[in-house]
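Remarks on the overall topology
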Amino acid sequence: DCVVELRGVTKEYRSASETVVALDDVDFTVRPGEFVAVVGPSGSGKSTMLNVLGLLDVPTRGEQYLQGGDVTDLSDEEQTDARKRAIGFVFQDFHLIPTLTATENVELPTLFDGEIAGTTGRRAAPNGGTGTEATDGHDTDGADEDPEARARDLLSRVGLGERLDHDPTQLSGGQKQRVAIARALVNRPALVLADEPTGNLDRETGTTILEEFRRICEDGVAVVAVTHDDLVTEFADRTVELVDGVLRERAPSESDESS
Ligand code: ADP
Ligand code: ADP
């Protein structure tokens, strides 16, 4: 049972003058509770892979499965639904709404689709969603749970129980990233995708964030983090490396020379 699986996934960007192969015949699987780091030089395809995994971009060729279901040929709307049901996002620069409290930020993905739900917005819901559809057919134990109560509970679990009503401007970088992690978890995803989650944090704070990811994994959630940070690869169960769009497994002893 895989949370996510890529089979022979190739992603090409075509323009009049050239074709860039951003992902080249990539096979990749992640199991429940696994923490996988994705490393590689700039331009090697990391963002593209994260976008494909996050159903924000579609492969040119290959097959893709999410929780055992084929998501290779979904419509934009189906992609948005699947993304919202199964995937949470964490970013380097947190992406919190500065005018909302910590609790309100965490509640957001339960209310809206698209950019505001913590995606990059490049494939936002075409019709904007209505919010009331959010729990339709959403088969989780918390479907009836009050979003505010759930947000407060999640914030308490990441150590922010005393800062529920703070604005992001009143929080440190590490605290902001905890809010972002709580937000990523609010719809009970099977997969959390993180883009340089420690990139704006000092080593000590980064460590506390990575410990948070480990706790998430203990609950059976899979985490995939794109990173240049050796600290992330230290905490990950395994590390895969992209070079010119080709993915390979990195042996446990190899370290990342880029940091
Ligand atoms: P990384 O995240 O590792 O820096 P990217 O996935 O952003 O790598 O890019 C992989 C390759 O695909 C690069 O050569 C990049 O220039 C190219 N690329 C990425 N996105 C696009 C796009 N939307 N259009 C054209 N080329 C792209
Ligand atoms: P990162 O800093 O994570 O490596 P990039 O700076 O490579 O990311 O890319 C930032 C965004 O711009 C990505 O979403 C990527 O798809 C897009 N992008 C990257 N290269 C190109 C390109 N050559 N043409 C168009 N879009 C690109």
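Residues numbered from 1 in each chain as written. Chains lettered and ligands numbered in written order. Predicted model: local features only at pLDDT ≥ 70, side-chain atom pairs only at ≥ 80, totals over all residues. Heavy atoms only, no water.

By the naming in an unreviewed UniProt entry, the protein chain goes by ATP-binding cassette domain-containing protein and is assigned to Halomarina oriensis. Listed under Sequence similarities (unreviewed entry) in UniProt, the entry text for the protein chain is "Belongs to the ABC transporter superfamily." (UniProt positions renumbered as here; feature names shortened; annotations may be inferred.)

1. Observations regarding the sheet that holds strand E7 (residues 191-195)
Spatial ordering of the open sheet is given by E6-E7-E8-E3-E9-E10, a layout of six strands whose pairing is mixed. Every other strand in the sheet has two partners, leaving strand E6 (87-90) and strand E10 (246-250) as the edge strands with one partner each. Mean inter-strand twist for the sheet, computed between neighbouring axes without regard to direction, equals 20°. The pairing of E7 with strand E8 (residues 222-226) spans five bridges and is classified as parallel. Counterpart to Asp195 in the pairing with E8 is Val226. Taken strand by strand, helix H2 (residues 76-86) contacts E6 and E7, and its axis lies near 75° from that of E6. Lying over the sheet, helix H5 (residues 173-185) contacts E6 and E7, oriented at roughly 165° with respect to E6. (Pairing = 2+ DSSP bridges. Helix = DSSP H or I, 4+ residues; strand = E, 2+ residues; numbered from the N terminus. Axes fitted to C-alpha atoms, helices over the stretch in contact; angles between N-to-C directions. Contact = heavy atoms within 4.5 Å.)

2. Side note on the site of ligand 1
Around ligand 1, a shell composed of Tyr13, Val20, Ala22, Pro41, Ser42, Gly43, Ser44, Gly45, Lys46, Ser47 and Thr48 is seen. Within the contact set of ligand 1, an oxygen atom lies 2.7 Å away from a backbone nitrogen or oxygen of Gly43. Between ligand 1 and Ser47, the relevant distance is 2.6 Å, taken from an oxygen atom to a side-chain nitrogen or oxygen of the residue. If ligand 1 stood free it would expose 550 Å²; the protein chains cover 60% of that surface. Listing elements by their share of the shell around ligand 1, those giving two or more residues are strand E2 (19-30) and helix H1 (46-53). Counting residues per element, the shell around ligand 1 draws most heavily on H1, at three residues. Split by residue class, the shell around ligand 1 holds four nonpolar, six polar and one charged. (Near = heavy atom within 4 Å. Polar contact = N/O pair within 3.5 Å; in protein donor to acceptor, adjacent residues only side chain to side chain. Areas by Shrake-Rupley, 256 points an atom, 1.4 Å probe, with all protein chains shown as cover. Nonpolar A, V, L, I, M, F, W, Y, C, P; charged D, E, K, R; others polar.)

3. Comments concerning the nonpolar core
Residues Phe35, Val106, Leu155, Val179, Ile181, Val192 and Phe213 are the most contacted members of the largest nonpolar core, which totals 36 residues. Listing elements by their share of this core, those giving two or more residues are strand E3 (35-39), helix H3 (102-111), helix H4 (147-157), H5, E7, helix H6 (203-218), E8 and helix H7 (230-235). Looking at which element gives the most residues to this core, the answer is H5, with six residues. Filtering out sequence-adjacent residues up to four positions away, Phe213 remains in contact with Phe35, Val90, Ile181, Val192, Ala194, Pro197 and Val223. Ranked by size, the runner-up nonpolar core spans 32 residues in total, among them Val36, Val52, Val224 and Val226. (Core = buried A, V, L, I, M, F, W, Y, C linked by side-chain atoms within 4.5 Å. Buried < 20%, exposed > 50% of the residue type's maximum accessible area, 1.4 Å probe, protein only.)

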